[in-house]
Amino acid sequence: MAGANTTTTTTTQLTIDGSVAPEVNTRELHEPKEREKWGRGIEFLLSCIALSVGFGNIWRFPYTAMQNGGGAFLIPYLIVLFLVGRPLYYLEMVMGQFASRGCIKVFDVAPLMRGVGVGQTLALLLILGYYAAVLSISVRYFVASFGSPLTWARCEPDWSGCVDSEFKGRVQNASLRPSAEYYFNRTVLHNFWTVEDGIGVPDWKLAVCLLFCWICITGILIKGIRSSGKASYFLAIFPYVILLVLLVRTCTLEGADQGILYLMKPQWEKLIDVQVWYAAVTQCFFSLTISLGSVIVFASYNSFTNNIYRDAMIISWLDTFTSIVSGIVVFGIVGNIAHITGNRVEDMQLQGPQLTFITYPDAIAKFDAAQNVFAVLFFLMFFLLGLGSNTGIVTTIVTAVRDRFPQLPNWKVVISIAIYGFCCGLVYITPGGLHVLDVVDKYGVTLTTLTLVMLEIVTFCWMYGVEQIGHDIQLMLSRKTGVFWRVCWSFVTFGIIAVIWVFSFIQYTPLPVPLGMTVFGWCLYAFVISQVAIWAVYALCERKEEKLLDRIKAACQPTSDWGPEDFTVRSQYRAERFKRLEENRAQSVGVGKCVLRKIRNTFFQK
């Protein structure tokens, strides 16, 4: 199918309500050039692991758990992973592989909702800025890890209230803080505690590290998906070796058991706190990188018959395992710090990047031997995990651009995104950058993602239909879709997200930042979400029908070229879909019977 072939055939336009538009007797189908594919199936699996297992697990999961009561967060997180995360991950893989389209083009399934894909891409552009900035901090620590003694292991003379991180004894004064904390706040970021007077200027050392990160990302992606697939072997596997070593070492630290117990001990009364469930849902999205289009893009480069069910199960379980292991490591270290400083674990209020860049270095400083070796290996691991996540994000954005403008060379798009990402990243490495990060993350990413994922479910599962998705899976994988997946896609997943979304507004509390930054955050949210309405209006204007209702119905149906990439398989898909819609049209008279049929088919697949 490589090349542009011209085929004459007869097509039938199918509508969302099961009616059939007039046939087109003859039509020339110009087959596009076949989509680039992964070199081997294992490259897709490892690339998804490198994408999903990254900052969301090592950086975001521990501090989210810390903010939400440790064990009080873990139970909702596991429930949400089972009922929301895994079903959405599998669904996005199915849609991407079936249609071989990126995160915007996949909404050809219902052009009225194309703005959902555009909004998800814009959210990724926002994430791109601060993910690379966090990555640059890890590079700074990696370079500092070669110093002897470790630069964060001992206090500087002007650090009042400081205790050496390499000290292993017990400190009686609970107000003392480890030197690793002072090093991060005063030496690396020069933190502003408030941003009333601005955010300051970027640290030049971090700016150099940020430039290095973007050079690495550009080098990996400059030749397309095949080069990034080869890099995934190292990016996905090596970090686990270091993480397991750190797990063993952490468990031997004095006081670590109290921190780990705090993570594992359930607090049942917290289960009625909507904020904990809200944190669990958003962490699930970041942990698996769902609802942002990346999974759809990666799956779109698969062969049509690749066993994505197996891959989705492997990745989702591995992601859960990684989050829990990283949580044990971090909470074990926090327990050790609490033991030394005389604090309680629940009183340790480290947040955001601070939790990663203070707790890990503090633990390494207490190692009896080979401190530099472990420091170098850890920050190399953190860099590789972040590099895998960042390359996945850039790949998603590149695919969205090249799906729309296929004539653009891959290297030009990659370099343009790298320049944008570098410029945005400079904002986050200023003394007030963490405050900006919190605003962008809360309003521009977390709230928008929660909103867009509901619209994504409506598009795929309600407009296109769970019943049709089940037949698509049968065509691709020759397997039936279990009732668990169909029920989650139809009702459960959307219901959980909708409840959390409503309560996130009811219980909204602004961040402790100036009013101007809060307004900026809401403007980001409005800009991203407005894409849904803008592109919906555009889709309606493109239609030729006279009545508005007819235009809406037409814009809710798949485009004429929707379906598998291969022409023969697409013809089979269209014929089977046309036959089913004719049968459903004959059986269902009225809205009530149509709804009952859909509910019945959710539990009992034909």
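So, how was this worked out
- Residues numbered from 1 in each chain as written.
- Predicted model: local features only at pLDDT ≥ 70, side-chain atom pairs only at ≥ 80, totals over all residues.
- Heavy atoms only, no water.
- Disulfide = S-S within 2.5 Å.
- Buried < 20%, exposed > 50% of the residue type's maximum accessible area, 1.4 Å probe, protein only.
- UniProt positions renumbered as here; feature names shortened; annotations may be inferred.
- Helix = DSSP H or I, 4+ residues; strand = E, 2+ residues; numbered from the N terminus.
- Contact = heavy atoms within 4.5 Å.
- Axes fitted to C-alpha atoms, helices over the stretch in contact; angles between N-to-C directions.
- Parallel < 35°, antiparallel > 145°, perpendicular 65-115°, else oblique.
- Nonpolar A, V, L, I, M, F, W, Y, C, P; charged D, E, K, R; others polar.

J.: Would you explain the state of the cysteines in this entry?
T.: What makes a disulfide is a covalent bond joining the sulfur atoms belonging to two cysteines. Using the criterion set out here, one finds 1 disulfide in the structure. The disulfide partner of Cys 155 is Cys 162, and the S-S distance across this bridge is 1.9 Å. Between Cys 155 and Cys 162 the sulfur-sulfur dihedral comes to about -85 degrees; the bridge is accordingly left-handed. Residue Cys 155 is classed as partly exposed on the basis of its relative accessible area of 24%. This cysteine, Cys 216, is not joined by any disulfide, and Cys 213 carries the nearest cysteine sulfur, 6.6 Å off.

J.: Sorry if this is basic, but what is going on with the UniProt feature "binding site: Na(+)" (unreviewed entry) in the chain here?
T.: In the numbering adopted here, UniProt assigns the feature "binding site: Na(+)" (unreviewed entry) to Val 53, Asn 57, Ser 287, Leu 385 and Ser 389. A stretch of 337 residues holds the annotated residues, and the largest C-alpha distance among them is 12.3 Å, short enough that they meet in one place. Looking at the secondary structure, you find Ser 287 in helix 9 (residues 274-288). Excluding anything up to four places from it in sequence, Ser 287 contacts Ser 52, Gly 56, Asn 57, Tyr 77, Asp 319 and Ser 323. For Ser 389, the location among the structural elements is in helix 13 (residues 371-404). In this structure Ser 389 comes out as buried when scored by relative accessible area, which is 3%. Here Ser 389 is in contact with Ala 50, Leu 51, Gly 54, Phe 55 and Tyr 131, once residues within four sequence places are set aside.

J.: Is there a simple way to think about the packing of helix 2 (residues 55-67) against helix 13 in this case?
T.: Two measures define how a pair of helices packs: the angle their axes make with one another and the distance between the axes. The N-to-C vectors of helix 2 and helix 13 enclose an angle of 110 degrees; their axes lie 9 Å apart at closest approach. The angle between helix 2 and helix 13 falls in the class roughly perpendicular. Contact residues: helix 2 offers Phe 55, Ile 58 and Trp 59, while helix 13 offers Phe 382, Leu 385, Gly 386, Ser 389 and Asn 390. Grouping the constituent residues of the contact of helix 2 with helix 13 by class yields 5 nonpolar, 3 polar and no charged.

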